[in-house]
Amino acid sequence: VNSPSGSRFDPAKDLYLNNSVFPAQVNYLLGNETRYNPKARGFGNVNENLSLAKSFRLTERFRIDFRAEAFNLFNRAVFSNPNTNLDGNSFGRVTGQANAARQMQGALKLYW
């Protein structure tokens, strides 16, 4: 995702929402904005998961199943949605990650 300056988006220093376009809110007065703005979208979620499985026949009675799985295979960081609390100091900033880091697991199962 590119920032307004044309460089890559850095959630530690770049604002996702510009707080200068949101006026100060009057207490106990309802505004005319929807609760969830459909035009304010978050980051896309890109996760590649992979699963490989193979069954090996050892004898007529014994069989081994092998399975390997990888979640978020390419270890992509997906940023969470920006803070939308107008009263907060971190309004418009992305302060977290929405997905988990790469996880891998393997399994062997013996049938008899």
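In what follows, the accompanying structure is described. The shown structure was predicted, so the numbers you read here are calculated from the model rather than taken from an experiment.

**Comments concerning the sheet that holds strand β3 (residues 103-111)**
With respect to topology, three strands assemble into an open sheet ordered β1-β2-β3, the strand pairing being antiparallel. With one partner strand each, in any of the chains shown, β1 (50-57) and β3 form the two edges of the open sheet. Neighbouring strand axes in the sheet, compared pairwise and without regard to direction, differ in orientation by 10° on average. Pairing between strand β2 (residues 63-71) and β3: nine bridges, direction antiparallel. Paired with A68 across the bridge in β3 is G106.

**Description of the packing of aromatic side chains**
This model, assessed by the stated rule, comprises zero aromatic pairs. Cation over ring: K54 sits above F56, and NZ or CZ is 5.8 Å from the ring centre. The ring of Y111 has R63 sitting right over it, with the charged end atom 4.0 Å from the ring centre.

**Digging into unusual backbone geometry**
A positive phi is found at N72, a non-glycine position, where the angle reads about 55°. Among the secondary structure elements, N72 is positioned in the loop between β2 and β3. Phi at N75 is positive, roughly 55°, even though this residue is not glycine. In this fold, N75 is placed in the loop between β2 and β3.

**A closer look at the pairing of β2**
One ladder, built from eight bridges, connects β1 with β2; its direction is antiparallel. Note on β2: the bridge partner recorded for K54 is F66. In textbook terms, the turn of a hairpin is the stretch between consecutive antiparallel strands, and for β1 and β2 this stretch comprises five residues.

**Quick look at the environment of F66**
With respect to the helices, strands and loops of the structure, F66 is situated in strand β2. Expressed as a C-alpha distance, the spacing of F66 and K109, which sit 43 residues apart in the sequence, is 6.7 Å. Leaving out residues up to four positions away in the same chain, F66 has contacts with L52, A53, K54, F56, A107 and L108.

**A look at the environment of A40**
Mapped onto the fold, A40 is located in the segment before β1. Distance from A40 to P82, taken between C-alpha atoms, is 9.8 Å for residues 42 residues apart in sequence.

**Some thoughts on the pattern of salt bridges**
Here the idea is simple: oppositely charged side chains can pair when their charged atoms come close. According to the stated counting rule, one finds three salt bridges in the structure shown. One salt bridge in this structure joins E48 and R76, with 3.1 Å as the shortest N-O distance. A residue pair is termed long-range when its members are at least 10 positions apart, and E48 in the segment before β1 and R76 in the loop between β2 and β3 qualify at 28 residues. Exposure remark for E48: the relative accessible area of 21% places this residue in the partly exposed category.

Calculation notes
- Residues numbered from 1 in each chain as written.
- Predicted model: local features only at pLDDT ≥ 70, side-chain atom pairs only at ≥ 80, totals over all residues.
- Heavy atoms only, no water.
- Pairing = 2+ DSSP bridges.
- Helix = DSSP H or I, 4+ residues; strand = E, 2+ residues; numbered from the N terminus.
- Axes fitted to C-alpha atoms, helices over the stretch in contact; angles between N-to-C directions.
- Phe/Tyr/Trp six-rings, centres within 6.5 Å; stacked < 30°, edge-to-face > 60°.
- Lys NZ or Arg CZ within 6 Å of the ring centre and 35° of its normal.
- Contact = heavy atoms within 4.5 Å.
- Salt bridge = Lys/Arg side-chain N within 4 Å of Asp/Glu carboxyl O.
- Buried < 20%, exposed > 50% of the residue type's maximum accessible area, 1.4 Å probe, protein only.

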